[in-house]
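# Structural description and commentary
Chain residues, written in single-letter form:
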Amino acid sequence: RRTTPAYLVHRGLLLLLTGVLLNLVRFVLPSSVGLMLGNDEPFFYSLSMVLCSDIYDFSGAAFLLMALCLRLKLRPVPLLTLALALLTLGNGISLPEGANEYLLCFLGRFVWVNSNSYFPLATWFIFPAAGYVFGRLYRDFATEEERARFCLQLIPAGAVGLVACVTALHAYGHSAFSIYASPANDYITDLPNVAMILCTTLFSIGLFYYLYRLIQPTRLKTALVAVSKVIMPFYIIQWVIIGWFSRLFYLLVPHHKQVMGFGSYITSVVLITLLSAAGAFAYDAWRLRRTAAAADSKEFPNK
């Protein structure tokens, strides 16, 4: 119901603005404190980081591109062909590291240029494109039984596809784990990486579809769905805290290069998920109490 070009343009611009504002708050503001204290190095670096492409910036650009695709009435096959062509283009272009820092950060929204191009549009657009095609296919099933059979078939299909990718990479002497994990701050999304991620996604969709159906309590289902509605504010807060901690830590201990290791990053992700889940359960309980109170006041207006 929301898949209209106008809605996607509005949402895309809002996400782009959110990404810029988040970069300002987590990079420029704490570095401004350092500038006032006489340390200008992280400040000027943070000015360029405002243009770096993180998940909000990528999502906004992907929404805008999808709006254009819908305006052109691209069908699923041409849409996936375009996404694959962008992936090929993104992996084929390389820009010199010595170019202007601000220009590189801006171009990093479209193609991978350095470690600050977290989610370039060209190499990551294939994931929302595949998700859109999958959503259309899932929506067009006539009954829930057809959806169930389809999701059941995704489990072996995804598992076999993932094993096939790993086996092929091993046969050619490549580290499947390194390509699959796409090591932090490299983010070079190539075709084997995409294939393994898509196979994992298919397997996960089928598995979690059946796990969700096994859950009987309605309130638990409602709360689980509500997590997706409250996780983004917690996500923003998490990265604001990480940004301020990183900048101020650099000011206090300038000789330390590594502020957050893999373990501390994973810990923050786990904590943010738990906080989001707790917020979802709390919101669900509050909403049910408010609904019950409203129904009670209608039944007993003089109470």
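Along each chain, numbering runs from 1 in the same order as the chain's sequence is written. Reporting in this predicted model follows two pLDDT cut-offs: at least 70 for local features of residues, and 80 or more for side-chain atom pairs to be given and counted; totals over whole chains, interfaces and linings ignore these cut-offs and use all residues. Remark: hydrogens and water are excluded; side-chain values derive from all non-hydrogen atoms of the structure.

### Topic: the layout of surface pockets
What counts is decided by this rule: The way it works is a 1 Å grid over only the protein atoms, where trapped points that fit a 1.4 Å probe form a cavity and open points with protein on both sides within 12 Å along at least five of seven lines form a pocket, and then any residue with an atom within 4 Å of a point lines it. Grid points are joined across faces, edges and corners, and a volume is the space filled by probe spheres set on the points. Put simply, DSSP H or I for four residues or longer makes a helix, DSSP E for two residues or longer makes a strand, and each gets a number counted from the N terminus. All amino acids are sorted into three groups, where Ala, Val, Leu, Ile, Met, Phe, Trp, Tyr, Cys and Pro are nonpolar, Asp, Glu, Lys and Arg are charged, and the leftover types, Gly among them, are polar.
Quantified by volume, the second largest pocket comes out at close to 1,000 Å³. In terms of lining, the second largest pocket is formed by 26 residues, of which the most central are Tyr7, Leu8, Arg11, Phe63 and Pro128. Elements supplying a minimum of two residues to the lining of the second largest pocket: α1 (5-36), α3 (55-71), α7 (126-139) and α11 (218-252). When grouped by side-chain class, the residues that make up the lining of the second largest pocket number 16 nonpolar, 5 polar and 5 charged.

### Things to note about the pattern of salt bridges
Worth spelling out the cut-off: Think of a salt bridge as a Lys or Arg side-chain nitrogen and an Asp or Glu carboxyl oxygen that are within 4 Å of each other. Only protein chains enter the calculation, and the probe is 1.4 Å; a residue is then buried if its accessible area is under 20% of its type maximum, exposed if over 50%, and partly exposed in between.
The final tally for this structure, using the stated rule, is 4 salt bridges. Between Asp57 and Arg109 there is a salt bridge whose closest N-O contact spans 3.1 Å. Here Arg109 lies in the loop between α5 (101-107) and α6 (121-124) and Asp57 lies in helix α3, a separation of 52 residues in the sequence. Under the relative-accessibility criterion, Asp57 is labelled buried at 3%. For Arg109, a relative accessible area of 12% translates into the label buried. Where Arg139 meets Asp140, a salt bridge forms, and the shortest distance between an N and an O atom there is 3.1 Å. Assigned by exposure class, Arg139 and Asp140 land together as exposed.

### Quick look at helix α10 (residues 191-214)
The condition is simple: By this rule, a helix spans an expected 1.5 Å times one less than how many residues it contains. Any pair of N or O atoms that falls within 3.5 Å is considered a polar contact. Within protein, one atom must be able to donate a hydrogen and the other to accept it, and sequence-neighbouring residues count only if both atoms are side-chain atoms.
Taking 1.5 Å as the rise per residue, α10 with 24 residues should run 34 Å; its terminal C-alpha atoms sit 35 Å apart, in good agreement. Regarding α10, the residues found buried are Asn193, Val194, Met196, Cys199, Gly206 and Tyr209. The residue sitting at the N-terminus of α10 and contributing the capping side-chain oxygen is Asp190; that oxygen lies 3.1 Å from the backbone nitrogen of Asn193.

### Some remarks on the side chain of Arg26
Rules: The contact criterion used throughout is that any non-hydrogen atoms of two residues lie within 4.5 Å.
Position of Arg26 among the secondary structure elements: in helix α1. On the basis of relative accessibility, which here comes to 3%, the residue Arg26 falls in the buried class. In terms of polar contacts, Arg26 uses its side chain to reach the side chain of Asp54, at 2.6 Å. Arg26 has contacts with Asp54, Trp239, Val240, Gly243, Trp244 and Arg247, leaving out every residue within four places of it along the chain.

### Here's the deal with unusual backbone geometry
Unusually for a residue other than glycine, Lys73 sits at a positive phi of about 60°. Turning to its location among the elements, Lys73 is positioned in the loop between α3 and α4 (76-92).

### Focus: the nonpolar core
We count it as follows: We define the nonpolar core as a collection of buried residues of types Ala, Val, Leu, Ile, Met, Phe, Trp, Tyr and Cys that are connected through side-chain atoms lying within 4.5 Å of one another.
Judged by nonpolar contacts, the single largest core of 31 residues is most densely connected at Met66, Leu79, Leu121 and Phe125. Broken down by secondary-structure element, the contributors of at least two residues to this core are α1, α3, α4, α6 and α7. Counting residues per element, this core draws most heavily on α3, which supplies 8 residues. Aside from chain neighbours lying at most four places away, what touches Met66 is Leu8, Leu79, Phe125, Pro128, Ala129 and Tyr132. With 5 residues, the next largest nonpolar core counts Cys165, Leu169, Ala176 and Met196 among its residues.

### Observations regarding the packing of α7 against helix α8 (residues 144-171)
Test applied: Lines fitted to C-alpha atoms define the axes here, with helix axes fitted over just the stretch in contact, and angles between the N-to-C directions of these axes take values from 0 to 180 degrees. In this scheme, roughly parallel covers angles under 35 degrees and roughly antiparallel covers those over 145, while 65 to 115 is roughly perpendicular and the rest are oblique.
Interaxial distance between α7 and α8 falls to 10 Å at its minimum, and their mutual angle equals 140°. By the angle between their axes, α7 is oblique relative to α8. Only Glu144, Arg147, Phe150, Cys151 and Leu154 of α8 make contact with α7, whose side of the interface consists of Phe134, Leu137, Tyr138 and Arg139. Of the residues belonging to the contact of α7 with α8, the class tally is 6 nonpolar, no polar and 3 charged.

### Overview of the packing of aromatic side chains
Aromatic ring pairs: the centre-centre distance and the angle between the two ring planes describe each pair. Just so we agree on the cut-off: Side-chain rings of Phe, Tyr and Trp, where Trp is taken by its six-membered ring, are said to pair if the distance between their centres is within 6.5 Å; with planes under 30 degrees apart they count as stacked, over 60 as edge-to-face, and otherwise as tilted. Ring-over charges, as used throughout, are those where CZ of Arg or NZ of Lys falls within 6 Å of the ring centre and within 35 degrees of the ring normal.
If you walk through the whole model with that rule in mind, you get 8 aromatic pairs. Aromatic pair Phe141 and Phe150: ring centres 5.1 Å apart, planes at 45°, arrangement tilted. There is no split in this pair, since Phe141 and Phe150 are both buried. Lying across the ring of Tyr138, Arg147 places its NZ or CZ 5.0 Å from the centre.

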